Amino acid sequence: METFPEIGVSDDRGRLIPDEGPESRVTRCRSWCFTYRWCVGILLVLSLILLGHALAIYYLYFKCNSADCIGLKMMTLNTWGMPKSLGSQFKEERMQAIGHEIAKGERDIYLLEELWMEPDYETIRASLPAGYHMTLFRQLALSTCDGHAGPEFCSGLSVISRFPLLETEFNSYTYHGDPLKAWIDGEWLARKGVGRVRIQPLKGLSVDLFVTHTAADPDPSHGYNNSYYRVRQVQELMDNYVKKATADVVLLGGDFNAGPNKTQGEPYGIIRGYMKNSIEEFFYKLLTWLNPQYATYGNTKNTFSNTFLPIIYDYIFYHARDESAVNVWTNLYEMPFFKFFLQKDHAISFSDHEAVEATVYVQKLR
Ligand SMILES: *[C@@H]1O[C@H](CO)[C@@H](O)[C@H](O)[C@H]1NC(C)=O
Ligand SMILES: *[C@@H]1O[C@H](CO)[C@@H](O)[C@H](O)[C@H]1NC(C)=O
């Protein structure tokens, strides 16, 4: 007769196996356990995949299939449109490539920054898909914007939309960087600011699209940064424009030249105090979005800025003015990592920044 020691008597697992029992029983037991774990693991993975699909289908087809709901596929890209003399490489070729991408009309809204020069603006404007609308070169800039010799007094901002532009507005920031450093960082010479375009993607639903590009830092070798100006610009952006927007929904995109630091008083923290970030919502509580693979500048996949430290500078934020009247959410966030072949075997990125893309769903509740 076989004897089994009482479970719990000993912490030695070996003792739970009958001393004189047949080897096969041990093996069977072990392999059953092994198989069982495998089954549980596989089932768990399968059910997660199914759940993911179910959620995606729910959001895409059930949650946004009525006449009161629309998905807005949008993209923001800093086009690196500095004149070549200021360091921008392959600018004409890159602008052509950006134009070809936009010509596909795969998105509803494009927010562009650093489209400083009018000839590059014209390249992109010439590629618009039929029926699309684009702000005029000086519509989101001061009328004094040069755009031929250099970016002086320009904002570099443009908006392209599948929906008609019902209103356009530009406000230059009050703080522009240090005039004494104008010839180092160019911030004071350019006139960065806030562009706003009103669209109405659904009957009775207004959306304000804000685009901006805030002060950048010079190369660290110069021994200073523009954090002081950047913070004031973002404060002005939020207090004077975004928070005062009268549209049902506000979408804000651009190059903020600030990493995702939620601390109060940091540019990102100031915006996140009022708006949601599409990428954060997409990855929900997983903090994977802070992974360097999502860096929009200095990404290892970028052929121009890969030697710099990876950081997220470009974002798409959203806000519903009255959450009981309009529901806004995202379920697609993507970095397309655009590249094209300059020559055979020589692929380059569209810009020194990566584009970010999000689909923002907007649903009227009443
Ligand atoms: C930026 O410069 C300020 C001084 O103007 C300094 O206090 C701050 O630490 C600097 N920030 C970074 C990130 O270097
Ligand atoms: C965020 O900003 C705060 C204060 O401005 C600073 O002390 C902190 O180190 C920053 N965090 C990161 C992760 O850079």
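Calculation criteria
Residues numbered from 1 in each chain as written. Chains lettered and ligands numbered in written order. Predicted model: local features only at pLDDT ≥ 70, side-chain atom pairs only at ≥ 80, totals over all residues. UniProt positions renumbered as here; feature names shortened; annotations may be inferred. Helix = DSSP H or I, 4+ residues; strand = E, 2+ residues; numbered from the N terminus. Contact = placed C-beta atoms within 7 Å. Buried ≥ 20, exposed ≤ 12 C-beta atoms within 10 Å, placed from the backbone. Pairing = 2+ DSSP bridges. Expected span 1.5 Å × (residues − 1). Arc of directions from axis to C-beta.

In the annotation of an unreviewed UniProt entry, the chain is listed under the name sphingomyelin phosphodiesterase and assigned to Tigriopus californicus. According to the UniProt record, the Sequence similarities (unreviewed entry) comment for the chain reads "Belongs to the neutral sphingomyelinase family." The UniProt entry for the chain carries the following text under Subcellular location (unreviewed entry): "Membrane".

**Q** Pulling in residues and values, what's your account of the overall build of the chain?
**A** Check the secondary structure of the chain and you find seven helices and 14 strands. Considering only contacts within the chain whose residues lie at least 6 apart along the sequence, 70% involve residues at least 24 apart.

**Q** Explain the pairing of strand 10 (residues 314-320) to me, and be specific about the residues and the numbers.
**A** Counting buried residues along strand 10, seven of its seven residues qualify, which places the element largely inside the surrounding structure. Along strand 10, one buried face is formed by Asp314, Ile316, Tyr318 and Ala320 and the opposite face, lined by Tyr315, Phe317 and His319, is buried too. Relative to strand 10, strand 8 (residues 249-255) runs antiparallel, the two sharing seven bridges. Note that in strand 10 the partner of Gly254 across the bridge is Tyr315. Sheet topology places strand 9 (residues 276-277) next to strand 10; two bridges connect them, and they run antiparallel. Bridging across to strand 10, Asn277 finds its partner in Phe317.

**Q** Please set out the sheet that holds strand 7 (residues 205-213) residue by residue, giving values where relevant.
**A** Spatial ordering of the open sheet is given by 5-6-7-8-10-9, a layout of six strands whose pairing is mixed. One side of each edge strand has no neighbouring strand; the edge strands of this open sheet are strand 5 (167-172) and strand 9. Pairing of strand 6 (residues 193-202) with strand 7 involves seven bridges; the strand directions are antiparallel. Directly across from Gly195, in strand 7, lies its bridge partner Val211.

**Q** Account for helix 2 (residues 91-103), with residues named and values stated.
**A** With 13 residues, helix 2 extends 18 Å between its outermost C-alpha atoms, agreeing within 8% with the 18 Å of an ideal straight helix rising 1.5 Å per residue. Listing the buried residues of helix 2 in full gives Lys91, Arg94, Met95, Ala97, Ile98, Glu101 and Ile102. When helix 2 is viewed along its axis, its buried side chains cluster within an angular range of 160 degrees and face the same direction. Pointing more than 90 degrees away from the buried face of helix 2 are the exposed residues Glu92 and His100. Looking at the buried positions of helix 2, the neighbouring elements they touch are strand 2 (109-113), helix 3 (118-125), strand 4 (158-161) and strand 12 (339-343).

**Q** Describe helix 5 (residues 227-242), listing the residues and the values that go with them.
**A** Helical geometry: 3.6 residues make up each α-helical turn, so side chains three or four residues apart lie on a common side. Taken residue by residue, helix 5 has Tyr229, Arg230, Gln233, Val234, Leu237, Met238, Tyr241 and Val242 as its buried positions. Looking down the long axis of helix 5, one finds its buried residues gathered within 160 degrees of arc, a one-sided arrangement. The elements touched by buried residues of helix 5 are strand 5, strand 6, strand 7, strand 8 and helix 6 (267-272).

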